[in-house]
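In case you want the letters, here they are:
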Amino acid sequence: MLTTLHTAYSDTRAADLAWALGREPLPALAVLDLELAGATLQLRLLGASHQVLLEEEQGSCSETVACMPGSSTPLPLGVAKRIGDWEYEFAARVETLSAGSFAGRAQELLALVADHPHGLAGTFPGSPHAFTAMLAQRTEGQVRWRTWHAYPQEGQLVVTRTRVGVRTPAVAL
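A brief structural summary. Every value quoted in this text rests on a predicted model; they were computed, and no experiment measured them. (Residues numbered from 1 in each chain as written. Predicted model: local features only at pLDDT ≥ 70, side-chain atom pairs only at ≥ 80, totals over all residues. Heavy atoms only, no water.)

## Focus on unusual backbone geometry
- One non-glycine residue, Ala37, adopts positive backbone phi at about 50°.
- On the secondary structure map, Ala37 appears in the loop between strand S3 (30–36) and strand S4 (39–46). (Helix = DSSP H or I, 4+ residues; strand = E, 2+ residues; numbered from the N terminus.)

Structure (structure tokens):
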């Protein structure tokens, strides 16, 4: 699903993004509710980037990547945590692209997500290449999602990937 977000582009630098687990739902500009084999997943586009809410029999998880005033946790390159019975893994990277490459990559990503049944993308006013996009899936008992946060004025694309799955017990030898 592709939508235009009717708001000011509030997180205008990749360096302003922060990461948080466990935040309450924040006001969303666009929402996609998904059922993925027993997991309820809500993809949320915020004026300041994204939030994912996951509910499953084993518990719940909330991930927020956004410009959050007062946040002391900048966007990490990687995180691995246990959340109840789950293992949570998060990774992020920043791609810096030339203007031409950025425009092509933006079009490619928006086309990928726009027609995907588990995809949500929103473009911001002012630039056709200012967007946040999200894509979710469930494979092998794990819920996974990827996100892309575009900053055309910097030529930067912030790419994240997350995996949440039930912790498997260690096998005794």
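## Section: helix H1 (residues 99–114)
- Between its terminal C-alpha atoms H1 stretches 22 Å, which fits the 22 Å expected from 16 residues at 1.5 Å a residue.
- Three or more residues of H1 are buried, namely Phe102, Ala103, Ala106, Leu109, Leu110, Val113 and Ala114. Along the axis of H1, the buried residues cluster in a sector spanning 135°; they form a single face. Exposed positions of H1 whose direction lies more than 90 degrees from the buried face are Gly100, Gln107 and Ala111. (Expected span 1.5 Å × (residues − 1). Buried < 20%, exposed > 50% of the residue type's maximum accessible area, 1.4 Å probe, protein only. Arc of directions from axis to C-beta.)

## Section: the packing of aromatic side chains
- Per the stated rule, a full pass over the model turns up two aromatic pairs.
- Where Trp19 meets Tyr88, the ring centres are 6.3 Å apart and the plane angle is 35°; that geometry is what we call tilted. With Trp19 in strand S2 (residues 18–21) and Tyr88 in strand S8 (residues 86–96), the pair connects residues that are 69 residues apart, well separated along the chain. Tyr88 shares its class with Trp19; the two are buried.
- With centroids separated by 6.0 Å and ring planes inclined at 35°, the aromatic side chains of Trp19 and Phe90 adopt a geometry described as tilted. Of this pair, Trp19 sits in strand S2 while Phe90 sits in strand S8; the two residues are 71 residues apart in sequence, bridging distant segments of the chain. Of the two residues, Trp19 and Phe90, both sit in the buried class.
- Among the aromatic residues, those joined into a ring-pair cluster are Trp19, Tyr88 and Phe90. (Phe/Tyr/Trp six-rings, centres within 6.5 Å; stacked < 30°, edge-to-face > 60°.)

## Things to note about the side chain of Glu95
- Position of Glu95 relative to the elements: it lies in strand S8.
- Residue classification places Glu95 among the buried residues on the basis of a relative accessible area of 15%.
- A polar contact of 2.6 Å, which involves the side chain of Glu95, links it to the side chain of Arg93.
- Excluding anything up to four places from it in sequence, Glu95 contacts Arg105, Gly155, Gln156, Leu157 and Val159. (Polar contact = N/O pair within 3.5 Å; in protein donor to acceptor, adjacent residues only side chain to side chain. Contact = heavy atoms within 4.5 Å.)

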